[in-house]
Structure formats: C-alpha cells, structure tokens
Amino acid sequence: MTDMLSLIGGVCVVAGTALSLIGAAGLLRFPDVYTRIHAASITDTGGASLVLLGLCLIAGLSLTALKLAFVWFSIMLTTPVAANALANAAFGSGHRPRIGAFQIMRTDERRKTSRGTEAP
Amino acid sequence: MIALPSSLNANLVIGIALLVMLLVVAGAIVRTRSLLAAIILFSIYSLVSAVWLVVMDAADVAFTEAVIGAGVSTIVLLGAILLTRGEVEKPGWRALVAPALVCAGVGGLLIYAAAGLPALGDPASPANAHVGRAYLEAAPKEIGAPNIVTAVLASYRGFDTLGETAVIFAAGIGVALMLGFGPHASPLPPAATIGDHHVVLRVSAKFLIPLIALFALYVQFHGDLGAGGGFQAGVIMAAAIILHALVFGLRDTMMAVPPRLVRSIAALGVLLYAGVGVACMLNGGAFLDYDYLFPPAFEKQVPGWLLGDPEHAHHWGQHFGILLIELGVLLTVAATMLTIFYGFAGRTVEAIRQERGA
Amino acid sequence: MSFILLHFNYVAVAILMMAGLFVVVSSSNLIKRMIGLAIFQTSTGLLYISLGKVSSGTAAITVDAASPEKQALANHLDPAYVAQYGVAGVVYSNPLPHVLILTAIVVGVATLAVGLAIAVRVREAFGSVEADEIEVLSRLESAQAGSQA
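Residues numbered from 1 in each chain as written. Chains lettered and ligands numbered in written order. Predicted model: local features only at pLDDT ≥ 70, side-chain atom pairs only at ≥ 80, totals over all residues. Heavy atoms only, no water.

K.L.:
Sorry, what's going on with the overall build of chain A here?
P.N.:
Helix and strand content of chain A: four helices and zero strands. Counting helices and strands in the order they occur from the N terminus, chain A gives α-α-α-α. Here the contacts in chain A between residues at least 6 apart in sequence split such that 59% fall between residues at least 24 apart. Accessible area for chain A stands at about 7,800 Å²; split by element, carbon and sulfur atoms hold 72% of it. (Helix = DSSP H or I, 4+ residues; strand = E, 2+ residues; numbered from the N terminus. Contact = heavy atoms within 4.5 Å. Areas by Shrake-Rupley, 256 points an atom, 1.4 Å probe, with all protein chains shown as cover.)

K.L.:
How should I be thinking about the state of the cysteines in this particular structure?
P.N.:
Each disulfide consists of one covalent bond between the sulfur atoms belonging to two cysteines. This model, assessed by the stated rule, comprises zero disulfides over all chains. For the unlinked cysteine A:Cys56, the closest cysteine sulfur is that of A:Cys12, found at 10 Å. (Disulfide = S-S within 2.5 Å.)

K.L.:
Looking at this structure, how should I read empty space enclosed by the protein?
P.N.:
With a probe scaled to a water molecule rolled over the atoms, the places where space remains empty come into view. Residue and element names in this part refer to chain B. Across all of its chains, the model carries four cavities of 30 Å³ or more by this definition. Here the second largest cavity is characterised by a volume of approximately 50 Å³. If you go around the second largest cavity, the residues you meet are Thr150, Gln220, Phe221, Gly223, Asp224, Gly229, Ile322, Leu323 and Glu326. Elements with a contribution of two residues or more to the lining of the second largest cavity: α8 (199-221) and α13 (315-357). A per-element tally of the lining of the second largest cavity places α13 first, with three residues. For the lining of the second largest cavity, the per-class residue count stands at three nonpolar, four polar and two charged. (1 Å grid on protein atoms, 1.4 Å probe; cavity = no way out; pocket = protein on both sides within 12 Å on 5 of 7 lines; lining within 4 Å. Points joined across faces, edges and corners; volume = space filled by probe spheres on them. Nonpolar A, V, L, I, M, F, W, Y, C, P; charged D, E, K, R; others polar.)

K.L.:
Honestly, the pattern of salt bridges in this entry has me stumped. Any pointers?
P.N.:
It is possible for side chains bearing opposite charge to pair when their charged atoms get close. What the rule picks out here adds up to six salt bridges over all chains. As a salt-bridge pair, B:Asp57 and C:Lys53 come within 3.0 Å of each other at their nearest N and O atoms. A residue pair is termed interchain when its members come from two chains, as with B:Asp57 in the loop between α2 (35-55) and α3 (59-83) and C:Lys53 in the loop between α2 (30-52) and α3 (68-75). By the burial criterion, B:Asp57 is buried, and C:Lys53 matches it. Here B:Arg157 ties to B:Asp160 by a salt bridge, and the two come within 3.2 Å at their closest N and O atoms. The class of B:Arg157 is partly exposed, set by a relative accessible area of 24%. (Salt bridge = Lys/Arg side-chain N within 4 Å of Asp/Glu carboxyl O. Buried < 20%, exposed > 50% of the residue type's maximum accessible area, 1.4 Å probe, protein only.)

K.L.:
Would you mind going over the interface of chain C and chain B with me for this structure?
P.N.:
Listed as interface residues are 87 residues of chain C and, on the opposing side, 98 residues of chain B. The contact between chain C and chain B buries some 8,300 Å² in all, and 77% of this surface belongs to carbon and sulfur atoms. It is C:Leu6, C:Lys53 and C:Leu102 that lose the most area in chain C upon contact with chain B, and together they represent 8% of the buried surface on that side. Connecting chain C to chain B are two salt bridges. Connecting chain C to chain B are 17 residue pairs in polar contact (both at pLDDT 80 or more). Looking at the side of chain C that touches chain B, the elements that each hand over two or more residues are α1 (2-26), α2, α4 (79-85) and α5 (95-126) of chain C. At 26 residues, the largest contribution of residues to the side of chain C that touches chain B is made by α5(C). (Buried area = accessible area lost by both parts, 1.4 Å probe. Polar contact = N/O pair within 3.5 Å; in protein donor to acceptor, adjacent residues only side chain to side chain.)

K.L.:
What is the right way to look at the interface of chain B and chain A in this model?
P.N.:
Interface size is commonly expressed as the accessible area that is lost once the parts come together. Of the residues lining the interface, nine residues belong to chain B; the matching set on chain A comes to eight residues. Summed over both partners, the interface of chain B with chain A comes to about 690 Å²; 75% of that surface belongs to carbon and sulfur atoms. Linking chain B with chain A are zero salt bridges, by the criterion used here. For the interface between chain B and chain A, the tally reads zero residue pairs in polar contact (both at pLDDT 80 or more). Of the residues that constitute the side of chain B that touches chain A, the class distribution is six nonpolar, three polar and no charged.

Here you go:
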C-alpha cells in the first residue's frame, strides 16, 4: 500500500517537473508579455501543485503532509496575485498584446519590431 | 579513513547543476547594461543560491538568504535606482581589459589553491572533525535546544551575535542619518484614478499581511526547535510591513507604524540583548551566561515537569535566555529593515514632490 | 573525475567571486558596483557553507533518539561511517559555518543599504552616480574654488 502511494507520488512529482519544464519553454518561446505570464503561471500553479501533491503522497499521513498543504495553500494565494500584478504593471507601462483577439498593434508597426517585447 | 559512501550521488549532481545556474546568472549580471535587469537577476541569484544552501544542509542560512536576498535587498536596490534615475552605463571595451586580466589572474590562483582544500563533504576535514563536532556533541547536553545552529548562534557565540546586532543597528542609523527617517511632511495622497487597477492586489494583501506576520512569529518561536530564529523572523516581519506600504501607500503605513516608534524599537532590541547579558552578570555569571539568568534560589522553585526534562533544570535559564535575546534580535532587525525602507521610500516621496513643485 | 566533481564548488565560488570583483572594478556606475560587491560577499558565504558540508549528513537539528526519522537516516548509510562521524547515531553537517554566514548575510544587506544610501547622496550632490563623471565634476568644483580664492 505504502509502496503504491510512493509510486503514485513519484509519478506526480515527475509530471509536475515536466509541467515546469513546459512552462519554462513557453516563457522563452512565447511572443509577448501576457502569453509569457500565462506560461510562467503554469509552472507556479500546475507544476508546484503536482510536485507538492506527490510529496504529500510519499510522506503519507503525517505532520509533513500538513506542512506541505500549507505550502500549497500559500502558493495558491500568492502566485495568481503576482501574475495579475505583473500583467497589470505590463499593461500600465504600455505593453500591448501581440497575438489574440485583443491585439492592438498595427501590422506596419509589427513589421518594424519583429521580435522582442518592446511595444511602442 | 573510510571512503566516501559514493562520490557521485544525487545531492552532488543537484549541487553542481545549481552552481552552474549560479554561474550563468552571475555572467548575465556582468553582461547586462540595464540596472533594472541586473537587480532582478541578483534577486534570482539569491534564490538559486538559497536552493543550493538547502542542498548543503544549511537550512537556516537558506531561509535567511531567500528572505534577505530575494526580498529586502531587491527592494532597497530598486529604491536606490529610483532615486538615482537608473542611468545605463556605457563602458568602452578598452577600459575592461585591465580588470579582466586582474580578475582572471586572481581567479586562476584561487582555483589553483582550491586543489589543496578538502573535498566537498569530507567528514574528516579539520573544520568538520574538531570544532563543528565538539559543538554537535556538547550542545544537546549543555543548551538543550534541538537546533544546534540556534544554540551556537545565541548561546556559545552570543557575544558575537550581540556585535552583529549592534552592527545592523548602526547601519540602520547610518542610512537614516543620510536619507532621513522618512518624508518630513506627510506624503501626498495618491492621485485620483479612474477605476481601481489594484483591487486584486489590495484584497489579497489584506489577507496575506497578517498571515506573513503570523509566520514571522512562528519562525521566531520555533527557532530553537527547527530552522528559524530572530534574524529570519525580523526580516519576515519587516517584509509584511513593507508589503503594506507597497500596496496601500507609504502614508497609511507610516500612520500605522510611525518612524519614531520604529527607531525606538531598534534601540530597544539591542538594549534587551545586552540587558540579558548584564542580568546574567548580576546573578554571578559571566556576560551572556544564561545558566545564571535566574537566581539559583528562584530556579529551585521551578518544577522540572514544566520543561519536560527534570534532569537538566538549568536548561530553564538557557531556554529563556535564548528566547529573550532572539526577541532582541527580532526587534532590532525588523526595525532596522523598516528604518532603511522608510529612508529610501521617504527620499522618493520628497524627490517626487520637488519634481512636481519645480 | 571524482576529484574535479568534489572540488567543483571551490572552482564555482572562485569564478563567482571574480565575477563580483570584475563588476566592482570595471563598472563606473555606483549602484552596479554595489551589486558586484553583494555577489562577491554571497560567494564568500557559499565557500564557508560548502566547507561545512558532511557527506550524507543532515541539517544540524538534533533528531530524537528513537524517532522514525533517525531510523530512515541510518538505514541508507554504512554503519561504520555513522559510528565514526555521527553524533548519537546520526551524521550532521557542521553547524558552525551556518552560524557565521547567517549573521553575515543580514549584516551584508544592512551594509549594502548604507552603500546605496551613500550613492543616493552622491547623486544628490553631483547629479550623477557614474564614478568617472563624479571625478571630473569634483575636479571642476575644486578648480573653481581655487580660482575664486
């Protein structure tokens, strides 16, 4: 039983790390600030949650599991807010989305700055 | 000598990977021309080194590094570039040749000398075999605190820690003398804006600040059982108040925690620390010898079950001595960090006001 | 190979230290210099901590004699190794460097703040935080004072 739980926990940890890697790749590859924040948030929420869940399963029913639950709770409390504040600040300082329904940048401007996040 | 259990284990690999990350981040700091980028990279550098410290079993240090490096020093550096307008430097490559040669030479000598140092994790090295081991063997019997780092910090090397606390206090006073204790007049009310962009931040900060303060107290009073102590707790407490200032504005924070109060608390912490030492002297012991914190007649009255350890009744003095001086450290560190923050933030407010007036 | 891996921490610390020194020496911006100084200082801390690491050790928080944690710690180790280097059956890392560096980090941020405060005052006095510009300005100022006298 314990071995089974440890195994499931290990799979969760590996899945969480994989999600974090995907998030990191997205952070590097996505074109503008907002999509990059989206990618980074996957690392914060999905990746960290899965890793913590896996560690909880490995630790079993103990004080350690409770502490991990507190860690998860505080991550859930802070990282979405941080992502929101980051997007807010990016919007406030004039970064415009480059893709999607809300794209504001005109095509001639896009041609001028073909790469990077420096929006006019 | 017993061979190392295995030279290539998971810890070693993780440690080397983290060190390589540190090198990459440090290289990026050297290369970047933007001060803002350098500061954010330095914050990342601190976080990565905190993770490396955990791998090296230095839980207390990692805790401190994460709170200080990624939290307080980033805020102080950001305040400084706000006040110095964050000019971007423009060095010519000719000016870099001499420093690069000097650094390469010194670095080469250091690496050459490193071959003579004990291998990583050598249990028989002079540092680990003598002094460190002596502390590990003596502390559980003499101090009774499970966290040896706290026992050494607060009891064996208590005099040293008093000096460090005084240095922190002096640094806080130095910053305050140069930048002021905060804005002279009350800061301007925030400019009226259409719609509230920061409503998410405000609501969650209202929830987070008491949680952070509570965590600081946990770190403080759990410090002799697990990782933690006055230094970490003080910085976390200051971070809670700085978060309040960042989200709700300096004006509200200075009304809740006035600079005058912060100043007195910083002095009170050092006074409490030194006062514990003097109290030990008055009871016949040496300075900061907590075994003499309570008069022997008083100590006999304390029932042994109160500490759960009837054999070591004198741990009572050590226990409360560490608790009190850690409280002194907490007060001084938290108040000093706040004084520094008020100094930088106050200057910013003054600079903005001058700009608007001019 | 094993020798290099077990001494890699010193090499990394030396390079980090030199990176910090290089920023301090080569940069003319005072704020950037303070960042370099902070890197230099952190690398010193890393050197101390890596000297205190004991292989297969654990953080220096004493574990209760009969606890399951202690059993788990001892299960993975060679009994002779534990008997020689452990204290009461558990191998701990050296706590002394931790103590020294813990306080040094907090003192470090306080002194960093002092340095930055000086930079802020320099900027207020000279209008710049570039060391070479400040030098020119202060030379001009003293020349003016000389001609007035």
